[in-house]
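# Structure at a glance
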Amino acid sequence: MRAPHRSLPACLLALRLSLCLAAAALLLDARACRAEPGETPREAPLALSTETWRVATHPVPPLVMDEGGRLRGFSIDLWNAIAKDLGVRTEYRRVDNLPALFDALSAGRADVAIAAVSITAEREQRFDFSVTMLETGLRIAVRAAPDSTGSATVRALWALLGDAAFLQVVLGIGALILAVAALVWWLERRHPAGMAAQAPPGRGFAYTLWWALSSLGAQAEEMPRSPAARAITVLWLFACIALVAWFTAGLTSTATVERLRGAITGPQDLPGKRVGTVADTTSVAYLADHFATPVAFASLEEACAALEAGTVAAVVYDAPALAYYATQADHAPVRLIGPAFNRQAYGILFAANDPRRKRVNRTLLALREDGRYDEIYGRWFGSESGEAQSR
């Protein structure tokens, strides 16, 4: 019995249908790959990609904040938008500070680093940076309450007492007082009606010493009786006037200097002062280069605590971080001085020659062009000067 077979017309119909389907598929593929004149061909979306990038970061409010294990902030929002467009997953690696951020990238424990990393020539020698992700600068914070005249006078008195030359002069004045008291006592005890004529030697000298000290304030209750002692008294009273004037002038001028030192109005007032900042940041180098004395702390919170305690005259740090800190109510208030200075740019950090940098740059530029970068920026900053909104 012969096997059944298809008829010739049915086979031809199936062949024609297969050819039509193949032609339609080729046509659709050509249209998808073709770009209009002047347009850049679009990359295929990577939404289904299983690629995971390890991203190192560390807290720098408001760019990066760790709230109970949940990261948020300007840098986090920006990276999440970049990762979404790239179609990659993110595995955040939180570290404590900037040196640890660099170490994680150098040791291969992270693929990318993002926080508040300033682009510098020294860092560019070790790593590669993305295009600028944020333009900012440094700002100055001082105590919210300006120094009063009383506090400046107290500081001036301490400054005088700590001055070796001033102490030498004081010791000289003390020796002069003892000499005058001894001479007057010796002359008066020889006079029948002298101040210490009837008193024992020790008591008589103590009385004339008190008289010499009282004369400094014009409070002497008795005058010597002997002619020689009276002549010495006239000279001593003129000397007392000169000494009181000298001390008053020294205290007043030192207090004035202390008040001027407390009146920091801009970076031009920083030279010669102890200024707090965060260790291993560009602000340390700026202060050292501009003749201030940088005092480095582990965090901005510690630097501002030192400012409140009066151990530093001001705090200099990145403008967004200081502005955000100033809006928070969980610490002593600080006052920001002037606009940002020493302009600098933040970037995303990569290992040297990492090919991922080009993909991130392309995506970051696209975010700027389509307005999404401005939306993220406006979510965290109140103005172009970099003042952070309270969130």
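Keep in mind that what you see is a predicted model, and the values were worked out from it rather than measured.

To continue, consider the overall build of the chain. Along its length, the chain carries 13 helices and 12 strands. Of all intrachain contacts in the chain linking residues separated by at least 6 positions in sequence, the fraction that spans at least 24 positions is 70%. Accessible area of the chain: about 22400 Å², with a carbon and sulfur share of 60%.

What follows covers the sheet that holds strand β12 (residues 349–351). To summarise the sheet geometry, strands pair through backbone hydrogen bonds and adopt either a parallel or an antiparallel arrangement. The strand order β4-β1-β5-β12-β6 describes an open sheet built from 5 strands, whose pairing is mixed. Edge positions in the sheet fall to β4 (89–94) and β6 (127–129), since each has one partner strand and no second. Of the strands in this sheet, β1 (52–57), β4 and β5 (112–113) touch helix α2 (residues 74–86), which is tilted by about 150 degrees from β4.

The next subject is the nonpolar core. In this structure, F74 and W79 are the most contacted members of the largest nonpolar core, which totals 50 residues. The element contributing the most residues to this core is α2, with 8 residues. In this structure, F74 is in contact with P62, L63, M133, L134, Y373, I376, Y377, W380 and F381, ignoring residues within four places of it in sequence. Counting residues in hydrophobic clusters, the runner-up holds 14 residues, among them I173, W211, I232 and C240.

For the rest of this paragraph, the subject is helix α11 (residues 319–327). When you tally the buried positions in α11, you get 7 out of 9 residues, the bulk of the element. Listed as buried for α11 are A319, P320, A321, L322, A323, Y324 and Y325. Contact partners of the buried residues in α11: β2 (65–67), β7 (134–143), α10 (300–309), β10 (314–318) and β11 (334–346).

Bringing the side chain of T277 into the picture now. Among the secondary structure elements, T277 is positioned in strand β8 (residues 274–278). Look at T277 and you get buried, because its relative accessible area is 1%. Among the polar contacts made by the side chain of T277, one reaches the main-chain carbonyl oxygen of V316 at a distance of 2.7 Å. Residues in contact with T277, not counting those within four places in the same chain, are S283, V284, L287, V295, A296, F297, A303, V316 and Y317.

What follows covers the sheet that holds strand β9 (residues 293–297). Ordered in space as β9-β8-β10-β7-β11, the 5 strands form an open sheet in which the pairing is mixed. If you trace the sheet from one side to the other, it starts and ends with β9 and β11, each paired once. Between one strand axis and the next, the sheet turns by 25 degrees as a mean value, whatever way the strands run.

Relative placement of two packed helices is described by the angle separating their axes and the distance separating the axes. Where helix α6 (residues 164–188) meets helix α7 (residues 201–216), the axes come as close as 8 Å, and the angle between the chain directions of the two elements is 125 degrees. As judged from the angle between their axes, α6 and α7 are oblique. Crossing geometry of α6 relative to α7 is assigned as right-handed. Contacts from I177, L178, V180, A181, A182, V184 and W185 in α6 reach P201, G204, F205, T208, L209, W211, A212, L213 and L216 in α7. For the contact of α6 with α7, the per-class residue count stands at 14 nonpolar, 2 polar and no charged.

Attention now goes to the confidence of the model for the chain. The predicted model of the chain averages 81 in pLDDT, with 76% of residues at 70 or higher. Across the chain, β5 holds the top mean pLDDT of 98, while helix α1 (residues 8–33) sits lowest at 50.

Looking now at helix α9 (residues 282–289). Within the sequence span of α9, burial applies to T282, S283, Y286 and L287. Angular distribution of buried residues about the axis of α9 spans 135 degrees; they occupy a single face of the element. Looking at the buried side of α9, the elements it contacts are α4 (121–124), β7, β8, β9, β10 and β11. Looking one or two places after α9, you find F291, whose phi comes out positive at around 65 degrees.

Cut-offs and rules
- Residues numbered from 1 in each chain as written.
- Predicted model: local features only at pLDDT ≥ 70, side-chain atom pairs only at ≥ 80, totals over all residues.
- Heavy atoms only, no water.
- Helix = DSSP H or I, 4+ residues; strand = E, 2+ residues; numbered from the N terminus.
- Contact = heavy atoms within 4.5 Å.
- Areas by Shrake-Rupley, 256 points an atom, 1.4 Å probe, with all protein chains shown as cover.
- Pairing = 2+ DSSP bridges.
- Axes fitted to C-alpha atoms, helices over the stretch in contact; angles between N-to-C directions.
- Core = buried A, V, L, I, M, F, W, Y, C linked by side-chain atoms within 4.5 Å.
- Buried < 20%, exposed > 50% of the residue type's maximum accessible area, 1.4 Å probe, protein only.
- Polar contact = N/O pair within 3.5 Å; in protein donor to acceptor, adjacent residues only side chain to side chain.
- Parallel < 35°, antiparallel > 145°, perpendicular 65-115°, else oblique.
- Left-handed = near helix turned anticlockwise from the far one by under 90°.
- Nonpolar A, V, L, I, M, F, W, Y, C, P; charged D, E, K, R; others polar.
- pLDDT = per-residue confidence, 0-100.
- Arc of directions from axis to C-beta.

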